[in-house]
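# Overview (structure and organization)
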Amino acid sequence: MSTTTPEEVRRVACVGAGVIGGGWVAHFLARGYDVTAWDPAPGAEQRLRRLVDAAWPALERIGLADGASRERLTVAATLEEAVADAQFVQESAPEKLELKRDLLTRLDAAAPAGVVIASSTSGYPMTDMQTGAANPGRLVVGHPFNPPYLIPLVEVVGGERTDADAVTWASRFYEVAGKSVITMRSEVPGFIANRLQEALWREALHMVANGEATVREIDASITEGPGLRWAFMGPMLTFALAGGEGGMAHTLDHFGPSLKSPWTRLEAPELDRKLYDAVVRGCEEAADGRTVADLVAERDQGVIDVLRATGRLPREATATATAIERSTK
């Protein structure tokens, strides 16, 4: 594995410079790295530089790292040139399996020995993509969310032939580079967040197709409802709070039978004792010692903050909101 530690990385290569790849370029530049990019598409360099320029004001607002500069971007003429002295490689080619396989094989052949190569794939398991590489142990998935320069999450997972050290190294590198990292224990189709997004997306399409809700109503149902909570507290703890002082156990006791009700067109899992215990235990672990009252206060303050940030808290509510804020401290 790489002799360069994640903290020592200074030079990053971004292969593929579309929306996701370009977002990665902007992120790494904002974090003070030297970035070399390559994309074979006609006009790719001009589009990439426009994307970085468009992202830069937002990056300035959230704060640039020391030494951050758009001048540290180099666009290479060839893939080999792009990765010749890279200390980390981020691949962001289109979602076509054969293309990914061929590209990762080429990157493995061209990148310096031991350098970790990560794919931005949004759905393919690394096991299926690393088949042609001579050194598959250094290939990992580093799945971001759009735009990568603003959304913190990166899901990291290896394939069957990936070295565990490569996964550990990549996870730490992303953390050093300012990301919020989930290091997955095993490959899951679509990873974690996309699986959840896909479930919501499918239900939305069902409702539109059946004339049950409009696109506007579906979007409003999230932005004016659970999306406000999900911005700071995920669905599991949110449902745990629905059980009041009884927590998730009470929620499952009360709402468990409705899993078989026709609320969804996705087949529900069987709520057996194993699943029941795993969900309750997971919520207790996620609460990390916080009481229900603590979590309620955190949730309420978070909603106030989100409403203020999105301009949906009326001016006349400011005094009331301030009083609520003080009462939770």
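Quick summary incoming for the structure in this document. This one's a predicted model, so the numbers in the text were calculated from it and none came from an experiment.

## Here we look at the overall build of the chain
Assigned secondary structure in the chain consists of 14 helices and eight strands. By its C-alpha atoms, the chain is 60 × 50 × 45 Å across when sized along the principal axes. Here the chain, with 329 residues, has 40% of them falling under the buried criterion. For the chain, the share of sequence-separated contacts (at least 6 apart) that also reach a separation of at least 24 residues comes to 69%. Put simply, the chain shows about 17,700 Å² of open surface, and 54% of that area lies on carbon and sulfur atoms. Looking at charge distribution, the chain has the averaged site of its 34 positive side-chain charges lying 4 Å from that of its 45 negative ones.

## Notes on the packing of helix α11 (residues 247–255) against helix α12 (residues 273–287)
Running from N to C, α11 and α12 point in directions that differ by 145°, and their axes come no closer than 8 Å. Our pair here, α11 against α12, has a crossing hand that is right-handed. Here α11 contributes M248, A249, L252 and D253 to the contact with α12, which in turn contributes Y276, V279, V280 and C283. Residues belonging to the contact of α11 with α12 are distributed by class as follows: seven nonpolar, no polar and one charged.

## Considerations on unusual backbone geometry
Going from N146 to P147, the amide bond is cis rather than trans, its omega being 0°. You will see that D288, though not glycine, has its phi angle at about 50°, which is positive. One can find D288 in the loop between α12 and α13 (292–309).

## Some words on the packing of aromatic side chains
To describe a pair of aromatic rings, you give the distance between the ring centres and the angle between the ring planes. Here the structure, examined in full by the defined rule, presents 11 aromatic pairs. When the ring of W24 is compared with that of F28, the centres are 5.1 Å apart and the planes differ by 15°; the resulting orientation is stacked. Remark: F28 and W24 occur in helix α1 (residues 19–30); sequence separation between them is four residues, near one turn of the helix. For the pair shown, W24 and F28 are each scored as buried. In this structure an aromatic cluster arises from ring pairing among W24, F28, Y33, F88, W169, F173 and Y174. Over the face of the ring belonging to W24 we find K179, whose NZ or CZ atom lies 5.2 Å from the ring centre. Directly above the ring of Y276 sits R273, whose terminal nitrogen or CZ lies 4.4 Å from the centroid.

## What to know about α11
Those residues of α11 that sit buried are G247, M248, T251 and L252. Buried residues of α11, viewed axially, fall in a sector of 145°; they line one side. Of the exposed residues in α11, those oriented more than 90 degrees away from the buried face are D253 and H254. Looking at the buried residues of α11, the elements they touch are α10 (235–241) and α12.

## Things to note about the sheet that holds strand β5 (residues 117–119)
Sheet architecture is open: eight strands sit in the order β3-β2-β1-β4-β5-β6-β7-β8, paired in mixed fashion. If you trace the sheet from one side to the other, it starts and ends with β3 (73–75) and β8 (180–183), each paired once. When strand polarity is set aside, the average angle formed by the axes of neighbouring strands in this sheet is 25°. Strand direction decides the pairing type here: strand β1 (residues 11–15) and strand β4 (residues 88–91), joined by four bridges, are parallel. Across the sheet, the residue bridging to A13 is V89, located in β4. With respect to the sheet, helix α6 (residues 164–176) is in contact with β1, β4, β5, β6 (139–143), β7 (153–158) and β8, its orientation differing from that of β7 by roughly 170°.

Quick notes on the rules
- Residues numbered from 1 in each chain as written.
- Predicted model: local features only at pLDDT ≥ 70, side-chain atom pairs only at ≥ 80, totals over all residues.
- Heavy atoms only, no water.
- Helix = DSSP H or I, 4+ residues; strand = E, 2+ residues; numbered from the N terminus.
- Buried < 20%, exposed > 50% of the residue type's maximum accessible area, 1.4 Å probe, protein only.
- Contact = heavy atoms within 4.5 Å.
- Areas by Shrake-Rupley, 256 points an atom, 1.4 Å probe, with all protein chains shown as cover.
- Lys, Arg positive; Asp, Glu negative; His and termini not counted.
- Charge placed at Lys NZ, Arg CZ, Asp CG, Glu CD.
- Axes fitted to C-alpha atoms, helices over the stretch in contact; angles between N-to-C directions.
- Left-handed = near helix turned anticlockwise from the far one by under 90°.
- Nonpolar A, V, L, I, M, F, W, Y, C, P; charged D, E, K, R; others polar.
- Phe/Tyr/Trp six-rings, centres within 6.5 Å; stacked < 30°, edge-to-face > 60°.
- Lys NZ or Arg CZ within 6 Å of the ring centre and 35° of its normal.
- Arc of directions from axis to C-beta.
- Pairing = 2+ DSSP bridges.

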